[in-house]
Amino acid sequence: MKLKLLLATVTLAILLSWLYLFVGSLEYGRFLLLPPCLGVQPSRDVEREALASRVRRVEQENQQLRLQLSQAQAEGSDGSPQWGTSAEDRDPPGGERSNHTACPKQRTVHKCEVGDGTSTLAMWIANVGWEAGALWNIDLLHVAIVCAGHNASRDVVTLVKSILFHRKNPLHFHFITDSVAHQILQTLFQSWMVPSVHISFYNADDLKAEVSWIPNKHYSGIYGLMKLTLTKALPSNLSKVIVLDTDITFATDIAELWAVFRKFSEKQVIGLVENQSDWYLGNLWKNHKPWPALGRGFNTGVILLLLDRLRRLGWEQMWRLTAERELMSMLSTSLADQDIFNAVIKQDPSLVYRLPCFWNVQLSDHTRSEQCYTELSDLKVIHWNSPKKLRVKNKHVEFFRNLYLTFLEYDGNLLRRELFGCASLPSPPRDQLQQALEELDEDDPCYDFRQQHLMQHRIHLFFLQYEFLALPNPTDVTLVAQLSMDRLQMLEAICKHWAGPISLALYMSDAEAQQFLRYAQASEVLSARRNVAYHIVYKEGQFYPINLLRNVALTNTQTPYVFLTDIDFLPMYGLYDYLRNSIQQLELPQRKAALIVPAFETLHYRLTFPKSKAELLSMLDMGSLYTFRYHVWPKGHAPTDYAKWRTATVPYRVAWQPDFEPYVVVRRDCPKYDQRFVGFGWNKVSHIMELDAQEYELLVLPNAFMIHMPHAPSFDISKFRLSAGYRGCLQTLREEFHQDLSRRYGAAALKYLTAERSL
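I will try to describe carefully the structure that is included in this document. From a predicted model like this one, the values you see are computed outputs, not experimental measurements.

About the thresholds
- Residues numbered from 1 in each chain as written.
- Predicted model: local features only at pLDDT ≥ 70, side-chain atom pairs only at ≥ 80, totals over all residues.
- Heavy atoms only, no water.
- Phe/Tyr/Trp six-rings, centres within 6.5 Å; stacked < 30°, edge-to-face > 60°.
- Helix = DSSP H or I, 4+ residues; strand = E, 2+ residues; numbered from the N terminus.
- Buried < 20%, exposed > 50% of the residue type's maximum accessible area, 1.4 Å probe, protein only.
- Lys NZ or Arg CZ within 6 Å of the ring centre and 35° of its normal.
- Contact = heavy atoms within 4.5 Å.
- Disulfide = S-S within 2.5 Å.
- Pairing = 2+ DSSP bridges.
- Axes fitted to C-alpha atoms, helices over the stretch in contact; angles between N-to-C directions.
- Salt bridge = Lys/Arg side-chain N within 4 Å of Asp/Glu carboxyl O.
- Expected span 1.5 Å × (residues − 1).
- Arc of directions from axis to C-beta.
- Core = buried A, V, L, I, M, F, W, Y, C linked by side-chain atoms within 4.5 Å.
- Polar contact = N/O pair within 3.5 Å; in protein donor to acceptor, adjacent residues only side chain to side chain.
- Parallel < 35°, antiparallel > 145°, perpendicular 65-115°, else oblique.
- Nonpolar A, V, L, I, M, F, W, Y, C, P; charged D, E, K, R; others polar.

### Digging into the packing of aromatic side chains
- Per the counting criterion, the structure on display carries 32 aromatic pairs.
- Considering the side-chain rings of Phe175 and Phe189, the 5.7 Å spacing of their centres and the 40 degrees angle between planes classify their relative orientation as tilted. Of this pair, Phe175 sits in strand β4 (residues 171-177) while Phe189 sits in helix α4 (residues 179-192), and the two are 14 residues apart along the sequence. As far as the burial class goes, Phe175 and Phe189 line up, both buried.
- With a centroid separation of 5.6 Å and an interplanar angle of 50 degrees, the aromatic rings of Phe261 and Phe264 are classed as tilted. Considered together, Phe261 and Phe264 belong to a single accessibility category, that of buried residues.
- Its guanidinium or amino end placed over the ring of Trp192, Arg458 lies 5.7 Å from that ring's centre, counting from NZ or CZ.
- We note Arg667 situated over the ring of Tyr561; from NZ or CZ to the ring centre the distance is 5.3 Å.

Now the structure itself:
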């Protein structure tokens with residue numbers, strides 16, 4: 001196989017050499033595949049000489065390929081060439097991350113080298129899939145972003161999408177985060193699985209002491225000063241980095257900005273765009289006294305930092321001394337790190353490289369942003385640095401807004417594409433997932449179910465502001481549920497019925513997530529709550545991943561106990577307090593039990609909700625309420641024993657029965673839901689079965705209830721009812737679940753298999 005690949009590579013390389021000659025004759029010597037860093041020479045003769053040199057190199061590589069092919073043929077019938085590891089396949093001494101542009105280096109035949117100096121990876125041609133099998137050395141671009149809190153973690157995703165959309169290079173994002181942003185972004189990128197993207201996190205708490213002594217009036221607070229510490233925060237062997245604010249949108253490949261580093265003089269260490277407002281001119285209002293700046297000053301929304309030079313210059317001491325001196329008269333910063341960067345540059349203007357202003361078109365009020373470009377196509381980076389954000393004044397603001405909204409609602413799943421011309425770096429989770437998908441039998445009638453089970457969904461935790469509990473009450477309980485866009489109307493009602501913490505997993509597209517955001521922010525009920533956690537699981541695949549959603553909501557609770565319910569149920573008023581009291585009275589911390597909340601339903605969209613058990617029983621007798629699913633699926637809740645519940649005054653124990661699926665209160669560390677069950681059917685039944693297998697007591701609460709509100713049938717239940725194949729696959733999954741249960745719990749699980757066969 002590898003002999004054939006080598007032979008194909010030789011042929012394609014020869015074809016490419018002729019292609020270079022042909023294109024060169026058409027375009028005055030410019031190559032079709034010429035790397036950007038080689039540029040376009042002003043002289044036609046120079047271009048032709050470059051073309052000739054390029055062809056000679058291609059011919060040399062052809063000779064090298066032929067030599068390798070002949071060596072491979074001589075190695076025996078197994079056809080396994082012994083590729084040696086050269087010095088260039090290893091990290092440089094000391095793991096230095098030089099970041100030197102790799103374009104001028106000679107391209108190799110069977111490797112894709114990432115030019116950050118951290119890892120030079122040998123990639124077999126067979127795993128690459130580029131036409132010629134000959135890959136360029138490609139720079140690994142480093143981007144640093146300070147991100148803290150829920151809102152910034154949400155904003156930075158749009159920035160990242162815009163970068164990924166245009167990029168052609170591997171990327172390494174360096175996030176300086178608080179604990180909230182760390183949890184959110186780590187989960188997001190782990191579940192996103194974007195090829196050739198590296199992520200590193202740095203604890204902002206470790207850097208606070210460096211800047212906490214600086215009074216800052218800017219709304220960004222202490223995090224707005226963190227960029228001053230990057231020479232210390234980032235790895236000492238990282239030589240250069242692009243630093244971005246979270247409210248940036250790219251309209252071009254970030255590699256173009258990275259290429260500007262090559263234009264720095266020997267003394268220049270910081271690349272910045274001039275500030276486009278009059279802030280530093282000091283004429284915005286009477287007695288306006290800004291920090292010292294060179295001319296109009298510079299905006300720090302986009303920064304190019306040569307870290308190695310800054311360290312040699314003693315950057316930490318430099319900015320500290322400048323800040324201390326200016327604070328004696330200024331007393332505080334108004335624009336956070338930007339004031340201090342400008343004061344340093346005012347003192348030594350030779351440090352700064354002036355970036356063209358299209359690299360940071362600032363859309364705050366009173367700016368000269370419109371002078372940065374003559375055509376909209378000239379734009380490179382848009383900076384929404386106004387508190388008004390999308391409502392800022394600019395004659396092209398509609399275009400800017402549309403560009404921003406495009407990335408805001410862009411399907412992030414589409415950005416999982418491989419880079420052209422460079423195989424993705426090894427990623428065990430992604431490789432394992434790919435292997436598992438490849439092992440599936442496409443002829444299996446249940447292939448779609450199995451594929452959905454393996455599908456990796458992007459997950460954005462805590463999409464809105466959430467106040468974490470410092471010390472949860474030992475009997476506290478969180479309501480856990482999942483929903484999609486068509487159930488949003490239930491949120492306000494549930495919040496009115498349940499005062500305690502709520503954890504919700506929402507299955508949405510990127511565009512729907514933004515619609516939800518606007519809905520939640522406009523709702524007086526939802527915007528007033530800070531103990532409701534919204535976790536977005538982004539849509540992918542043809543089935544509703546109901547148990548994945550439940551597990552996401554369950555895993556990200558904080559309280560010791562969870563109330564596992566569905567979004568279509570309204571809990572009785574006061575249920576939150578009743579459950580906490582019951583947990584304490586039943587001494588649940590010392591026993592393994594699941595508390596059952598009896599379920600009822602109404603067929604009326606408008607319901608006068610019962611305020612007590614007595615009112616509910618009266619409505620039950622009058623026929624305005626029913627026991628849940630008594631006319632469709634009585635086995636699901638019959639073991640609750642509603643007849644006994646009518647007169648019960650104390651909790652009573654019930655036995656597990658086949659297809660029992662009550663709504664329960666359990667400890668947070670209970671078994672997770674089995675994610676093989678997607679769509680409709682057996683998703684709760686399997687969970688209750690596992691609780692019973694782990695010997696949980698099933699206790700019915702005598703004074704608790706919940707009522708199911710009517711809604712249109714879900715798409716998945718319609719498929720279940722109409723498709724015999726769907727029902728057949730569900731039966732197959734049930735049998736496999738029984739087998740797995742038997743392996744985990746041994747003889748104790750035999751009763752479930754016996755009960756299944758007796759049905």
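Okay, back to it.
### Focus on the environment of Val156
- For Val156, the position within the fold is in helix α3 (residues 149-166).
- Along the chain, Val156 and Thr249 lie 93 residues apart, while their C-alpha atoms are 9.5 Å from each other.
- Apart from the residues within four sequence positions on either side, Val156 is in contact with Ile145, Cys147, Phe175, Leu185 and Thr246.

### Quick notes on the state of the cysteines
- For the structure shown, the criterion picks out one disulfide.
- Two residues, Cys446 and Cys729, share a disulfide whose sulfurs are 2.3 Å apart. Note on the Cys446 and Cys729 pair: the S-S dihedral is about -105 degrees, so by sign convention the disulfide is left-handed. Of the two residues, Cys446 is situated in the loop between α12 (428-438) and α13 (447-454) and Cys729 in helix α23 (residues 724-745); the sequence distance between them amounts to 283 residues. One exposure class covers both Cys446 and Cys729, and it is buried.

### Side note on the sheet that holds strand β9 (residues 298-306)
- Here we have seven strands laid out as an open sheet, ordered β5-β4-β3-β6-β9-β8-β10, and mixed in their pairing. The open sheet is flanked by β5 (197-203) and β10 (352-355), the only strands paired with a single partner. Within this sheet the neighbouring strands show an average axis-to-axis angle of 25 degrees, counted without direction.
- Pairing between β4 and β5: seven bridges, direction parallel. In the sheet register, Thr177 faces β5, and the bridge partner there is Asn203.

### Overview of the pattern of salt bridges
- Under the defined criterion, the tally for this structure stands at 31 salt bridges.
- Its salt-bridge partner being Lys227, residue Asp337 comes within 3.9 Å of it at the nearest N-O pair. Taken as a pair, Asp337 in helix α10 (residues 337-347) and Lys227 in the loop between α5 (208-211) and α6 (230-233) lie far apart in primary sequence, 110 residues in all.
- Given the relative accessible area of 4%, Asp337 is considered buried.
- Residue classification places Lys227 among the buried residues on the basis of a relative accessible area of 7%.
- Between Arg458 and Asp510 there is a salt bridge, with the nearest N and O atoms lying 2.6 Å from each other. Of the two residues, Arg458 is situated in the loop between α13 and β13 (459-460) and Asp510 in helix α15 (residues 510-522); the sequence distance between them amounts to 52 residues.
- The network of salt bridges with common partners includes Lys161, Asp411, Arg458 and Asp510.

### Thoughts on α4
- End to end, α4 covers 20 Å across 14 residues, agreeing with the expected 20 Å (1.5 Å per residue, within 8%).
- What α4 keeps buried is the set Val180, Ala181, Ile184, Leu185, Leu188, Phe189, Ser191 and Trp192. The buried residues of α4 occupy an angular sector of 165 degrees when the element is viewed end-on, so they sit on one face. For α4, exposure combined with an orientation more than 90 degrees from the buried face picks out Ser179 and Gln190.
- Contact partners of the buried residues in α4: β3 (141-147), α3, β4, β5 and β13.
- Positive backbone phi, at 55 degrees, marks Met193, one or two positions downstream of α4.

### Observations regarding helix α9 (residues 315-330)
- Its 16 residues give α9 an end-to-end C-alpha distance of 21 Å, which sits within 8% of 22 Å, the value for a rise of 1.5 Å per residue.
- Of the residues making up α9, those classed as buried are Trp315, Trp319, Thr322, Ala323, Glu326, Leu327 and Met330. Around the axis of α9, the buried residues are gathered within 130 degrees of arc, so they sit on the same side. Among the exposed residues of α9, those oriented more than 90 degrees off its buried face are Gln317 and Met328.
- Residues of α9 that are buried in the fold lie against α5, α6, β8 (270-274), α8 (307-313) and α10.

### Considering the nonpolar core
- Leu504, Phe516, Tyr534, Phe563 and Leu579 are the most contacted members of the largest nonpolar core, which has 114 residues in total.
- Leaving out residues up to four positions away in the same chain, Phe563 has contacts with Val477, Thr478, Leu479, Val480, Trp498, Leu575, Leu579, Val597, Tyr663, Val664, Val665 and Met706.
- Membership of the second largest hydrophobic core comes to 42 residues, among which are Val146, Leu228, Met330 and Leu351.

### Quick look at unusual backbone geometry
- Although it is not a glycine, Met193 adopts a positive phi angle of roughly 55 degrees.
- Inspection of the secondary structure puts Met193 in the loop between α4 and β5.

### Comments concerning the side chain of His708
- With respect to the helices, strands and loops of the structure, His708 is situated in strand β25 (residues 706-708).
- According to the relative accessible area criterion, His708 is buried, its value standing at 6%.
- Setting aside chain neighbours within four positions, we find His708 in contact with Asp568, Phe569, Phe600, Glu601, Thr602, Phe628 and Arg629.

### Describing the sheet that holds strand β11 (residues 361-362)
- An order of β7-β12-β11 is seen for the three strands of this open sheet, with the pairing classed as mixed. Of all strands in the sheet, those with a lone pairing partner are β7 (248-250) and β11, marking the two edges.
- Bridge count between β11 and strand β12 (residues 381-383): two bridges; the pairing is parallel. In the strand pairing of β12, Gln362 is matched with His383.
- Of the strands in this sheet, β7 and β12 touch helix α11 (residues 397-408), which is tilted by about 85 degrees from β7.

### Topic: the side chain of Asn547
- Within the secondary structure layout, Asn547 lies in helix α17 (residues 546-555).
- Of note is the side chain of Asn547, whose polar atom sits 3.1 Å from the side chain of Arg550.
- Within the structure, the side chain of Asn547 is placed 2.7 Å from the backbone oxygen of Asp674, a separation counted as a polar contact.
- Apart from the residues lying within four places of it in its own chain, the contact partners of Asn547 are Tyr673, Asp674, Gln675, Phe677, Asn683 and Ser686.

### A look at the packing of α9 against α10
- The interhelical angle for the contact between α9 and α10, taken along N-to-C directions, is 100 degrees, at an axis separation of 9 Å. When the interaxial angle is binned, α9 and α10 end up roughly perpendicular. Touching Trp315, Met318, Trp319, Thr322, Ala323, Arg325 and Glu326 of α9 are Ile340, Phe341, Ala343, Val344 and Gln347, all from α10.
- Its residues assigned to classes, the contact of α9 with α10 shows eight nonpolar, two polar and two charged.

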